[in-house]
Amino acid sequence: MTTHQNTRHFSPGSITLHWLMAVLLVAAVAAIEFKDIYPKGSAEREWLKTVHFMLGTSIFILVWLRLLARALSTTPPITPALPAWQATFSHWVQWALYALMVALPVLGWLVLSASGKPVTLLWGLHMPLLPLTASRDTALWFKEIHETGATVGYGLVALHSAAALVHHYFQHDNTLLRMLPGRG
Ligand code: HEM
Ligand code: HEM
């Protein structure tokens, strides 16, 4: 049986995952940034942290589905074709984004594990901790790398989104349209 491969758009699964995960990322960052408006130890602050852990964990699960969807479908060509340097650069930025979507949740999980505090998520779910000896220094070290990785991620996402808009509005190619739901 042959499956129809739409050559003008990414697969519906890839498009759905791309935009869903963009929303989850913004929400995960917003939850952890807005926690600071509440005092330490307050229920609201703890809730926002829990939401951050849950959204971050969802990203970690979905990124594997996304990589699978990517492996099972072909990337639609950009027309007119990009200069080689732009194609190479965007390729590296995209792989850096995938790397961060895997690494940031793992680093966050390492922070919690090194803190040795069992985490109860919403709906009574428990987050299993990785087998690490609890140490404040180790936790702070992982936290530092987690936050630095997130800062690098902000820059990459800004660059990536700006590039998509420049391609659409100034270079008038189909880079962005390929990632939008469309006909045929
Ligand atoms: C792609 C997913 C993730 C992103 C983009 C992300 C981003 C961030 C950012 C920006 C901060 C720093 C906030 C600040 O400046 O204080 C932070 C803190 C933190 N994140 Fe994440 N994170 C992600 C996933 C996770 C996951 C899955 C976990 C744990 C399961 C986690 C655990 C933590 C912890 C423990 C902190 C420190 C919170 C505190 O200050 O008490 N993160 N994260
Ligand atoms: C408004 C925000 C965004 C816009 C306009 C946008 C647009 C696009 C477009 C047009 C593509 C296709 C690029 C190409 O094939 O060369 C793409 C791919 C991609 N985007 Fe975004 N994006 C946005 C946000 C994000 C975010 C937040 C992430 C995750 C951190 C992300 C991760 C990716 C990845 C990994 C790919 C590669 C897809 C593949 O495997 O081929 N994007 N995006």
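Now for a look at the structure at hand. All figures in this text were calculated on a predicted structure; none of them were measured in a lab.

**Some remarks on the environment of A114**
- By secondary structure assignment, the location of A114 is in helix α3 (residues 84–115).
- Residue class for A114 comes out buried when judged on its relative accessible area of 1%.
- For the pair A114 and I15, spaced 99 residues apart in sequence, the C-alpha separation works out to 36 Å.
- In contact with A114, not counting residues within four places along its chain, are L132, T133, A134, S135, T138, A139 and F142.

**Considering the coordination of the iron atom of ligand 2**
- Looking at the iron atom of ligand 2, one finds its protein donor set to be H18 (NE2) and H160 (NE2), positioned 2.0 Å from the metal centre.
- Around the iron atom of ligand 2 sit six donor atoms, and with donor-metal-donor angles ranging over 87 to 179° the site reads as octahedral. Highlighted residues: H18 in helix α1 (residues 12–34) and H160 in helix α4 (residues 136–169), separated in sequence by 142 residues.
- Residue H18 is classed as buried on the basis of its relative accessible area of 13%.
- Here H160 falls in the partly exposed class, since its relative accessible area comes to 28%.

**With respect to the coordination of the iron atom of ligand 1**
- Distances from the iron atom of ligand 1 to its protein donors, H52 (NE2) and H146 (NE2), fall at 2.0 Å.
- Viewed at the metal, the six donor atoms of the iron atom of ligand 1 are separated by angles of 85 to 179°, and the geometry they form is octahedral. Of the two residues, H52 sits in helix α2 (residues 43–72) while H146 sits in helix α4, which places them 94 residues apart along the sequence. Accessibility assignment for this pair places H52 and H146 in one class, buried.

**Remarks on the pattern of salt bridges**
- By the definition in use, this model includes three salt bridges.
- Between D36 and K35 there is a salt bridge whose closest N-O contact spans 3.2 Å.
- Residue R45 is joined to D36 by a salt bridge in which the shortest nitrogen-to-oxygen separation is 3.5 Å.
- Judged by relative accessible area, D36 falls into the partly exposed class, the value being 47%.
- It is possible to trace a salt-bridge network through shared partners that takes in K35, D36 and R45.

Criteria and thresholds
- Residues numbered from 1 in each chain as written.
- Chains lettered and ligands numbered in written order.
- Predicted model: local features only at pLDDT ≥ 70, side-chain atom pairs only at ≥ 80, totals over all residues.
- Heavy atoms only, no water.
- Helix = DSSP H or I, 4+ residues; strand = E, 2+ residues; numbered from the N terminus.
- Buried < 20%, exposed > 50% of the residue type's maximum accessible area, 1.4 Å probe, protein only.
- Contact = heavy atoms within 4.5 Å.
- Donors = N, O, S within 2.8 Å, 3.2 Å for Na, K, Ca; no water.
- Tetrahedral: all angles 85-135°; square planar, octahedral: opposite > 155°, others 65-115°.
- Salt bridge = Lys/Arg side-chain N within 4 Å of Asp/Glu carboxyl O.

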